[in-house]
Amino acid sequence: KYAKGTDIRIGIAYGGVSIEAQQAEFKAGIDVLIATPGRLLDHLRQGALNLKRLSVLVFDEADRMLDMGFMDEIKAVLKQVPAHRQTLLFSATLDDSIFSFSKNLLRNPKLIEVAKRNTTAAQIEQRVYAIDSDRKTEFVSHLVRSKNWQQVLIFSRTKQGVDKLTTQLNQLGVATQAFHGDLSQGAREKVLQEFKQGQVQVLVATDVAARGLDIAELQYVINFELPFIAEDYIHRIGRTGRAGSAGVAITLFSQEDALLLEEVEAL
């Protein structure tokens, strides 16, 4: 999308879609490759790619690359890239694990921060509602229906939680779809398109959607439960209030989440 109108040739490599189509793209020659670690390794093992001429290596969402089980894959990729290169780590949140990881990757690195560390967008209004766990679904349905909210993104911690809440909201008459890692790439793209076009009122997602999901004019984000990792709160609510727009982020708080809320407040 960003390279449109330029002569920069982009290749993409991610799972859930045809590997052969991606390899055909590589054969034509590419300047930039955007990849997930697992599928990149598949191509490298099959000899469809080599990284000997790589000059710049970028880790986006670098903090999550460390704690989402990618570490072994990243180490395998690093064995196949030149020692002399530029390495860039990007993240909306930075923690100590990033800095310890970076010591093995970077030489004399520069730290560039565009805002105070781990801050949320200024235009996001953050609300916390104290509510019993067994009343949360009913409360969300009431909020969405009584205020006629369109395009509401709800975060739940687990895939099972997402599926359960999706079923319950549909039973209450709220057009809802699930979005998580068990869906195929095609199914995720279809659901996302329907949500963006307003055919789906509510999207219920795991934290897989907190990263990189860009929906123009998304006004409402609801944390059905607080995340276990405080930094994930920043990524979740950052789906609204993007590019200077205003947004509302609601957290449904029950007493068992007291420590998690304290961690978010401290961050």
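Residues numbered from 1 in each chain as written. Predicted model: local features only at pLDDT ≥ 70, side-chain atom pairs only at ≥ 80, totals over all residues. Heavy atoms only, no water.

J.: Quick question: what am I supposed to make of the packing of aromatic side chains here?
T.: Aromatic ring pairs: the centre-centre distance and the angle between the two ring planes describe each pair. According to the stated counting rule, one finds 2 aromatic pairs in the structure shown. Ring centres 5.1 Å apart and planes at 65° place the aromatic pair Y129 and F139 in the edge-to-face group. Note that Y129 is positioned in strand 5 (residues 124-130) and F139 in helix 6 (residues 136-146), a separation of 10 residues in sequence. Among the residues examined, Y129 registers a relative accessible area of 27% and is labelled partly exposed. When its relative accessible area of 19% is taken as the criterion, F139 is described as buried. A ring pair is formed by W149 and Y220, whose centres lie 4.0 Å apart and whose planes are at 10°; its orientation type is stacked. Taken together, the positions of W149 in the loop between helix 6 and strand 6 (152-155) and Y220 in strand 9 (residues 220-223) put the pair 71 residues apart, joining distant regions of the chain. Neither W149 nor Y220 differs from the other in exposure class; each is buried. Note that K136 overlies the ring of F224, its terminal NZ or CZ placed 5.7 Å from the centroid. Lying across the ring of F228, R157 places its NZ or CZ 4.3 Å from the centre. (Phe/Tyr/Trp six-rings, centres within 6.5 Å; stacked < 30°, edge-to-face > 60°. Helix = DSSP H or I, 4+ residues; strand = E, 2+ residues; numbered from the N terminus. Buried < 20%, exposed > 50% of the residue type's maximum accessible area, 1.4 Å probe, protein only. Lys NZ or Arg CZ within 6 Å of the ring centre and 35° of its normal.)

J.: Sorry, what's going on with the pairing of strand 10 (residues 247-253) here?
T.: On a regular strand, each side chain points to the face opposite its neighbour's, so the side chains alternate between the two faces of the sheet. Of all 7 residues making up strand 10, 7 are buried, and the element is well covered by its neighbours. With 7 bridges connecting them, strand 5 and strand 10 associate as parallel partners. Opposite Q126, over in strand 10, you have A249 as the bridge partner. Judged from the 4 bridges that link them, strand 9 and strand 10 form a sheet pairing that is parallel. Residue pairing across strands places N223 opposite T251, the latter belonging to strand 10. (Pairing = 2+ DSSP bridges.)

J.: Sorry if this is basic, but what is going on with the environment of K103 here?
T.: Structurally, the position occupied by K103 is in helix 5 (residues 96-105). Along the chain, K103 and I229 lie 126 residues apart, while their C-alpha atoms are 23 Å from each other.

J.: Would you mind going over the packing of helix 6 against helix 7 (residues 159-171) with me for this structure?
T.: Angle between the axes and distance between the axes: these two values describe a pair of packed helices. In the contact formed by helix 6 and helix 7, the axes pass within 10 Å of each other and the chain directions differ by 50°. One way to sum up the angle between helix 6 and helix 7 is to call them oblique. The way helix 6 lies across helix 7 gives a crossing that is right-handed. Residues T137, V140 and S141 of helix 6 pack against L165, Q168 and L169 of helix 7. Here the residues of the contact of helix 6 with helix 7 are counted per class, giving 3 nonpolar, 3 polar and no charged. (Axes fitted to C-alpha atoms, helices over the stretch in contact; angles between N-to-C directions. Parallel < 35°, antiparallel > 145°, perpendicular 65-115°, else oblique. Left-handed = near helix turned anticlockwise from the far one by under 90°. Contact = heavy atoms within 4.5 Å. Nonpolar A, V, L, I, M, F, W, Y, C, P; charged D, E, K, R; others polar.)

J.: What's the story with helix 10 (residues 258-266) in this structure? I'm lost.
T.: Given 3.6 residues per helical turn, the α-helix brings residues three or four places apart onto the same face. Listing the buried residues of helix 10 in full gives L260, L261 and V264. Seen from one end, helix 10 has its buried residues packed into an arc of 100°, which puts them on one side. Residues L259, E265 and A266 are exposed on helix 10 and point more than 90 degrees away from its buried face. (Arc of directions from axis to C-beta.)

J.: Sorry, what's going on with the nonpolar core here?
T.: It is characteristic of soluble globular proteins that their nonpolar side chains tend to be buried jointly. Counting residues in each nonpolar core, the largest one holds 21 residues, and the members touching the most others are V140, V152, I154, L169, V202, I222 and L252. Within the residue set of this core, elements represented by two or more residues are helix 6, strand 6, helix 7, strand 8 (202-205), strand 9 and strand 10. If you tally residues by element for this core, the top one is helix 6, at 4 residues. Excluding residues that lie within four positions of it along the chain, I154 makes contacts with V140, L165, L169, V202, L203, V204, A205, I222 and F224. In terms of nonpolar packing, the next biggest core, distinct from the first, is built from 19 residues, L51, L57, V77 and I98 among them. (Core = buried A, V, L, I, M, F, W, Y, C linked by side-chain atoms within 4.5 Å.)

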